[in-house]
Amino acid sequence: MTTRTVTTATLQDWIARFAAAVAEKREWLTELDSAIGDADHGANMARGMTAVTEKLGAGAPGTVDELLKTVGMTLVSSVGGASGPLYGTFFLRTGMTAGAVTELDAGALAAALRAGLDGIVARGKAEAGDKTLFDAMSPAVDAFDAALADDADLIAAAQAAAEAAARGRDATLPLVARKGRASYLGERSAGHLDPGAASTTLLFEALAAAIAEA
């Protein structure tokens, strides 16, 4: 594989790395959610990604669309709260846009990630500054596109996306939540990282690592 393409196997490695990161950071994600939510984000995401890992372990699909559809549907059916539908929609839309292929070039991956982000917006109606996972995902996708526009290779673009996600996550700290359970707290939601933005950063860090080590 060159640094201009990503294969189904690399995307499966992405999912595996994300699952491992969620498992490792489960308590941290729950701690973040306990401050401004239902204290279940870590447990929910860990349960969902464990289900995904088991599903793929029984036989991973050969094409990108089927792989990501499997991930998305499993998350929708196994994760409670808002996280399941949002992450599920992200993977479903990403897979649908990628199509029945076994390899994506950088532009195709960028388009697929953008479609996943658009799916989350359509599902959750989130905007920048609402203190949601959108605040990490939108900068990540924008950074991926910008890096490719500057003729960066896939490794550099994915790393730029991961770094932008982390900055977006950290920028949620002073925000007052305008969506979800956290919004009920009003001003008291300020001073806490958004757990969805935190898990989204893990998602893009896993993608960068999978592409770099493919």
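Up top is the structure.
For clarity, every value in this text was computed on a predicted model and none was experimentally measured.

Rules used in this analysis
- Residues numbered from 1 in each chain as written.
- Predicted model: local features only at pLDDT ≥ 70, side-chain atom pairs only at ≥ 80, totals over all residues.
- Heavy atoms only, no water.
- Helix = DSSP H or I, 4+ residues; strand = E, 2+ residues; numbered from the N terminus.
- Rg over C-alpha atoms; globule rule 2.2 N^0.38 Å.
- Buried < 20%, exposed > 50% of the residue type's maximum accessible area, 1.4 Å probe, protein only.
- Contact = heavy atoms within 4.5 Å.
- Core = buried A, V, L, I, M, F, W, Y, C linked by side-chain atoms within 4.5 Å.
- Expected span 1.5 Å × (residues − 1).
- Phe/Tyr/Trp six-rings, centres within 6.5 Å; stacked < 30°, edge-to-face > 60°.
- Lys NZ or Arg CZ within 6 Å of the ring centre and 35° of its normal.
- Axes fitted to C-alpha atoms, helices over the stretch in contact; angles between N-to-C directions.
- Parallel < 35°, antiparallel > 145°, perpendicular 65-115°, else oblique.
- Left-handed = near helix turned anticlockwise from the far one by under 90°.
- Nonpolar A, V, L, I, M, F, W, Y, C, P; charged D, E, K, R; others polar.
- Polar contact = N/O pair within 3.5 Å; in protein donor to acceptor, adjacent residues only side chain to side chain.

Trainee: Explain the overall build of the protein here, please?
Mentor: Each helix and strand in the protein was counted, giving nine helices and two strands. What you see in the protein, going N to C, is helices and strands ordered as β-α-α-α-α-α-β-α-α-α-α. The globule rule puts the C-alpha radius of gyration for 214 residues at 17 Å, and the 16 Å found for the protein is close to it. Seen through its C-alpha atoms, the protein measures out along the principal axes to roughly 50 × 40 × 30 Å. Out of the 214 residues in the protein, the part that is buried amounts to 51%. Contacts spanning at least 24 positions in sequence make up 72% of the contacts within the protein whose residues lie at least 6 apart.

Trainee: Help me out: how do you make sense of the nonpolar core in this one?
Mentor: Inside soluble globular proteins, nonpolar side chains tend to come together where they are buried. Counting 62 residues, the largest nonpolar core has Trp14, Phe91, Phe144 and Phe204 as the members making the most contacts within it. Dropping the residues within four chain positions of it, Phe204 is found in contact with Leu113, Met137, Ala140, Val141, Ala158, Ala161, Ala162 and Ala165.

Trainee: Any chance you could explain the environment of Val101 here in plain terms?
Mentor: Following the sequence through the fold, Val101 ends up in the loop between helix H5 (83-98) and strand S2 (103-105). For Val101, a relative accessible area of 29% puts it in the partly exposed group. Separated by 94 residues in sequence, Val101 and Thr7 place their C-alpha atoms 8.8 Å apart. The contact partners of Val101, leaving out residues within four places of it in the chain, are Thr8, Gly62, Thr63 and Val64.

Trainee: What's the story with unusual backbone geometry in this structure? I'm lost.
Mentor: Note: most peptide bonds trans; most residues except glycine with negative phi. In the Ramachandran plot, Lys131 falls in the positive-phi region, its phi being about 70° despite a non-glycine side chain. One non-glycine residue, Asp151, lies in positive phi territory at about 70°. Position of Asp151 among the secondary structure elements: in the loop between helix H7 (134-149) and helix H8 (154-171). Its relative accessible area of 65% is what places Asp151 among the exposed residues.

Trainee: Sorry, what's going on with helix H1 (residues 8-24) here?
Mentor: Along an α-helix, residues three or four positions apart point the same way, because every turn accommodates 3.6 residues. The end-to-end C-alpha distance of H1, which contains 17 residues, comes to 24 Å, matching closely the 24 Å that a straight helix rising 1.5 Å per residue would cover. Within H1 the residues assigned to the buried category are Thr8, Thr10, Leu11, Trp14, Ile15, Phe18, Ala19, Ala21 and Val22.

Trainee: Looking at this structure, I do not really get the packing of aromatic side chains. What am I missing?
Mentor: Aromatic ring pairs are described here by two measures, namely the spacing of the ring centres and the angle between the planes. For the coordinates displayed, the defined rule picks out three aromatic pairs. Pairing Trp14 with Phe91 gives two aromatic rings, centres 5.7 Å apart and planes at 50°, and the pair type is tilted. Of this pair, Trp14 sits in helix H1 while Phe91 is found in helix H5, placing the two residues 77 residues apart along the sequence. Each member of the pair Trp14 and Phe91 is classed as buried. Judged by centre distance (5.2 Å) and plane angle (75°), the ring pair of Phe90 and Phe91 falls under edge-to-face. With relative accessibility at 0%, the residue Phe91 sits in the buried group. Counting every residue linked through ring pairs, the aromatic cluster contains Trp14, Phe90 and Phe91. When the ring centre of Trp28 is taken as reference, the NZ or CZ atom of Lys25 above it lies at 6.0 Å.

Trainee: Explain the packing of helix H3 (residues 41-57) against helix H4 (residues 64-78) to me, please; I cannot follow it from the model alone.
Mentor: Helix-helix packing is characterised by the crossing angle of the two axes and by the distance between the axes. Remark: H3 packs on H4, axes separated minimally by 9 Å, with the N-to-C direction vectors making an angle of 140°. Our classification of the angle between H3 and H4 gives oblique. H3 and H4 meet at a crossing whose hand is right-handed. Across the interface between the two elements, Arg47, Gly48, Met49, Ala51, Val52, Lys55 and Leu56 from H3 touch Leu67, Thr70, Val71, Thr74, Leu75 and Ser78 from H4. Split by residue class, the contact of H3 with H4 holds seven nonpolar, four polar and two charged.

Trainee: For this particular structure, what's the right way to read the side chain of Thr200?
Mentor: Within the secondary structure, Thr200 sits in helix H9 (residues 195-212). Judged by relative accessible area, which is 0%, Thr200 ranks as buried. A polar side-chain atom of Thr200 sits 2.9 Å from the main-chain carbonyl oxygen of Gly196. The contacts of Thr200, once residues within four sequence positions are left out, are Tyr87, Leu133, Ala136 and Met137.

Trainee: Explain the packing of helix H2 (residues 26-36) against H9 to me, please; I cannot follow it from the model alone.
Mentor: Where H2 contacts H9, the axes come no closer than 9 Å and their chain directions differ by 160°. On the basis of the axis angle, H2 is roughly antiparallel to H9. In this structure, H2 uses Trp28, Leu29, Leu32, Asp33 and Ile36 to contact H9, whose residues at the interface are Pro195, Ala198, Ser199 and Leu202. In terms of residue class, the contact of H2 with H9 is built from seven nonpolar, one polar and one charged.

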